[in-house]
Amino acid sequence: MPDPVRPADDEARSLARGLLSLGHAALAWTDPATGTPGISRIAFARDPEAGLLTLVSGLAPHFRALRENPDCALMLGEVGAKGDPMTHPRLMIRARAGFVAPDDPARAGMRARWLERNPKAQVYVDLPDFAFVRLTPLSALLNGGFARAFHLTPQNL
């Protein structure tokens with residue numbers, strides 16, 4: 001049986017980029033103590049220089065999980081006010097997490113751009129247990145609504 005998921009076209013790439021601007025995502029990770037999956041809601045950005053990015057507290061369970069196993073997945077999407085939630089667009093990205101070192105020269109730019117988007121993060125962005133994490137996409141699947149599914153490459157994002 002042929003794959004019903006199509007390669008990305010211009011409309012799919014545009015829809016995916018729109019979803020990447022939401023500012024939040026669900027992050028799936030593997031618990032290092034149990035090997036079971038976990039999921040967290042995260043603040044999220046498509047940074048023009050750093051790529052896909054989040055800011056994580058050392059107190060969050062996904063901090064340790066991503067340190068020990070950087071393989072993760074993101075889900076981006078919003079359910080509209082009406083209709084079946086399964087018909088609204090959503091984007092799943094398989095990714096690999098990479099922590100940004102506090103002395104990384106790129107961190108200052110990430111911090112400045114993060115605070116432009118999330119000014120309330122000023123309260124905690126410089127606390128020693130917080131770290132920026134790059135989420136490098138490996139592959140993506142866009143469900144654009146009923147019977148509209150597309151494979152996306154990292155370059156499509």
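Just so you know, these numbers come straight off a predicted model, no measurement behind them.

Q: Describe the pattern of salt bridges, and please don't skip the residues or the numbers.
A: Side-chain pairs of opposite charge can arise where the charged atoms are in close proximity. This model, assessed by the stated rule, comprises eight salt bridges. With its nearest N and O atoms 2.6 Å apart, the salt bridge here joins Arg13 to Asp10. Taken together, the residues Arg13 and Asp10, both in helix H1 (residues 10–19) and three residues apart, mark about one turn of the helix. Exposure remark for Asp10: the relative accessible area of 60% places this residue in the exposed category. Between Arg113 and Glu49 there is a salt bridge, with its nearest N and O atoms 3.7 Å apart. With a gap of 64 residues between them, Arg113 in helix H3 (residues 107–117) and Glu49 in the loop between strand E4 (45–47) and strand E5 (51–57) connect regions that are remote in the sequence.

Q: Could you give an account of the nonpolar core, with specific residues and numbers?
A: One finds Leu74, Leu76, Leu91, Ile93, Leu135 and Leu152 to be the most contacted residues of the largest nonpolar core, which totals 31 residues. Elements that contribute at least two residues to this core include exactly H1, strand E2 (24–30), E5, helix H2 (61–68), strand E6 (71–77), strand E7 (90–99), strand E8 (130–143) and strand E9 (149–152). Per-element accounting of this core gives the leading share, five residues, to E8. Residues within four places of Leu152 in sequence aside, it is in contact with Ala8, Ala12, Arg13, Ala16, Leu91, Ser139, Ala140, Leu141, Leu142 and Leu157. With twelve residues, the next largest nonpolar core counts Ala50, Leu115, Val125 and Phe130 among its residues.

Q: Describe H1, with residues and values.
A: Within H1, burial applies to Ala12, Arg13, Ala16 and Leu19. In an axial view of H1, the angular spread of the buried residues amounts to 120°, which keeps them on one side of the axis. Away from its buried face, by an angle of more than 90 degrees, H1 presents the exposed residues Asp10 and Glu11. Where H1 is buried, its residues meet E6, E7, E8 and E9. At the N-terminal end of H1, a side-chain oxygen is found 3.2 Å from the backbone nitrogen of Glu11, two or three residues along, and the residue is Asp9.

Q: Pulling in residues and values, what's your account of the packing of aromatic side chains?
A: Inspection of the entire model under this criterion finds three aromatic pairs. With centroids separated by 5.0 Å and ring planes inclined at 70°, the aromatic side chains of Phe63 and Phe99 adopt a geometry described as edge-to-face. Taken together, the residues Phe63 in helix H2 and Phe99 in strand E7 connect sequence positions 36 residues apart. Positioned above the aromatic ring of Phe99 is the side chain of Arg67, whose terminal nitrogen or guanidinium carbon lies 3.9 Å from the ring centre.

Q: Describe the environment of Arg13, and please don't skip the residues or the numbers.
A: Linking Arg13 and Gln155, residues 142 residues apart in sequence, is a C-alpha distance of 9.7 Å. Not counting residues up to four positions away in its chain, the partners in contact with Arg13 are Ala8, Leu152 and Asn156.

Q: Summarise H3; cite the residues concerned and give the values.
A: Three or more residues of H3 are buried, namely Arg107, Met110, Arg113, Trp114 and Leu115. For H3, the secondary structure elements touched by its buried residues are strand E3 (37–43), E4, E5 and E8.

Q: I'd like a rundown of the pairing of E9, residues and numbers included.
A: Side chains Phe150 and Leu152 of E9 all project onto a buried face; the interleaved residues Ala149 and His151 project onto a face where none is buried. In the sheet, strand E1 (residues 6–7) pairs with E9 via two bridges, with the strands oriented parallel. Of the residues in E9, the one forming a bridge with Arg6 is Phe150. Here four bridges tie E8 to E9, and the two strands are oriented antiparallel to one another. From the neighbouring strand, Ala140 faces E9, where its bridge partner is Leu152.

Reading the values: rules and limits
- Residues numbered from 1 in each chain as written.
- Predicted model: local features only at pLDDT ≥ 70, side-chain atom pairs only at ≥ 80, totals over all residues.
- Heavy atoms only, no water.
- Salt bridge = Lys/Arg side-chain N within 4 Å of Asp/Glu carboxyl O.
- Helix = DSSP H or I, 4+ residues; strand = E, 2+ residues; numbered from the N terminus.
- Buried < 20%, exposed > 50% of the residue type's maximum accessible area, 1.4 Å probe, protein only.
- Core = buried A, V, L, I, M, F, W, Y, C linked by side-chain atoms within 4.5 Å.
- Contact = heavy atoms within 4.5 Å.
- Arc of directions from axis to C-beta.
- Polar contact = N/O pair within 3.5 Å; in protein donor to acceptor, adjacent residues only side chain to side chain.
- Phe/Tyr/Trp six-rings, centres within 6.5 Å; stacked < 30°, edge-to-face > 60°.
- Lys NZ or Arg CZ within 6 Å of the ring centre and 35° of its normal.
- Pairing = 2+ DSSP bridges.

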